[in-house]
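Take a look at the letters that make up each chain.
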Amino acid sequence: MNECILCAFSDEASPALEGQIAALHRNGIGYMELRGVDGVNVADLDAAAASDIRARLDDAGIRVWSLGSPIGKVDINQPEVQEYDRLCRLIETARLLGAQCIRLFSFYGTGGEQRWFEPVCRRLERMLAAARGSGVGLCHENEKGIFGDVPERCAALHRELPDLGAVFDPANFIQCGADVLSAWEQLSPYVRYGHIKDADAAGHVVPAGEGVGHIADYLPHFFADSHRVLTLEPHLTRFIGLDKLETGTPNVGTTGAGALHTSAHAFADGNAAFDYAVAALRRILDRIGVGEARL
């Protein structure tokens, strides 16, 4: 039986670290992709805060797989040194937290135009050079509005930058009008790990298996290619920092006490949405015969 290592963006359950730990324990998940704690983005954590988080997670038996950083989610016309310096600080944060990866992006403001390919690669290569020898891998996530939004441009980046891993996010491809299975065929050689986020045909995020992300179809190939790590990214209700992450994402309305509706669900709070998202993914894993392992 294939086995996966299940991680999660637990800040979608609670902004507080204790709430995140509780959500992970409740759902039997031992790893997180750390994006924010107590409303502070991982890119803004200093060494003392990172060390404190590491100690608390160690006590709870939880490990950090990756840092869900915002690096590269800026306009490419901004000074290059700003993102480079942030990345260098994040490498140290990753070391303190024991994270193996830092996810990043390939810049807004390019319009997908080929003339931006070399400037994007130059910036990413400088970041890759900073990470070499650190034990921390840099992984590019496909995302709407950045240069690497559709499979063809993502693949071009990876061919040019062999040290750059890929984070495969099906919902983001859907929101860019790309076919998920075609994207997998093009990017599978470069994938380091996956994000589990599904979307319907209109681009609204839904629980895994309830959209057009073909998650149950490409995951067997994911595991057959010896990939193991999946990070659950529910995006089923509003959470602290969502407004900074989802520039231009189609979203559905809210009613009542701010409960965000997907096509068929309304969740009272982040914990309810998180638990449902975990259960939805596990139903898929059970169906395709994949168990869960430890790092």
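As a starting point, this report considers the structure included with it. (Residues numbered from 1 in each chain as written. Predicted model: local features only at pLDDT ≥ 70, side-chain atom pairs only at ≥ 80, totals over all residues. Heavy atoms only, no water.)

### Regarding the environment of His25
- The residue His25 is located in helix 1 (residues 17-26) in this model.
- A relative accessible area of 45% means that His25 is categorised as partly exposed.
- For the pair His25 and Ile62, spaced 37 residues apart in the sequence, the C-alpha separation amounts to 8.7 Å.
- Discounting chain neighbours no more than four positions away, the residues touching His25 are Ala60 and Ile62. (Helix = DSSP H or I, 4+ residues; strand = E, 2+ residues; numbered from the N terminus. Buried < 20%, exposed > 50% of the residue type's maximum accessible area, 1.4 Å probe, protein only. Contact = heavy atoms within 4.5 Å.)

### Brief notes about the packing of helix 7 (residues 180-187) against helix 8 (residues 215-224)
- Running from N to C, helix 7 and helix 8 point in directions that differ by 15°, and their axes come no closer than 10 Å. Classified by the angle between their axes, helix 7 and helix 8 sit roughly parallel to one another. When you trace helix 7 past helix 8, the crossing you get is right-handed. Where helix 7 abuts helix 8, its residues Val180, Leu181 and Trp184 lie against Asp217, Tyr218, His221 and Phe222. (Axes fitted to C-alpha atoms, helices over the stretch in contact; angles between N-to-C directions. Parallel < 35°, antiparallel > 145°, perpendicular 65-115°, else oblique. Left-handed = near helix turned anticlockwise from the far one by under 90°.)

### Remarks on the pairing of strand 9 (residues 191-196)
- Counted residue by residue, strand 9 has five buried out of six residues, so it is predominantly covered.
- Bridging between strand 8 (residues 165-168) and strand 9 involves three bridges; their strand directions are parallel. Within strand 9, the residue paired with Val167 across the bridge is Tyr193. (Pairing = 2+ DSSP bridges.)

### Observations concerning the pairing of strand 2 (residues 31-34)
- Taking every second residue as pointing to the same face, both faces of strand 2 are buried, with Tyr31 and Glu33 on one and Met32 and Leu34 on the other.
- Note: strand 1 (residues 2-8) against strand 2, two bridges, orientation parallel. Its bridge partner being in strand 2, Cys7 is matched across the sheet by Tyr31.
- Pairing of strand 2 with strand 5 (residues 63-67) involves four bridges; the strand directions are parallel. Along strand 5, the bridge assignment pairs Leu34 with Leu67.

### Examining the pattern of salt bridges
- Per the stated rule, a full pass over the model turns up 19 salt bridges.
- Across the salt bridge formed by Arg35 and Asp11, the nearest N and O atoms sit 2.9 Å from each other. Remark: Asp11 occurs in the loop between strand 1 and helix 1 and Arg35 occurs in the loop between strand 2 and strand 3 (36-37); sequence separation between them is 24 residues. Side by side, Arg35 and Asp11 carry an identical accessibility label, which is buried.
- One salt bridge in this structure joins Glu233 and Arg35, with 3.2 Å as the shortest N-O distance. Separated by 198 residues along the polypeptide, Glu233 in the loop between strand 12 (229-232) and helix 9 (242-245) and Arg35 in the loop between strand 2 and strand 3 bring together distant segments of the chain. Of the two residues, Glu233 and Arg35, both sit in the buried class. (Salt bridge = Lys/Arg side-chain N within 4 Å of Asp/Glu carboxyl O.)

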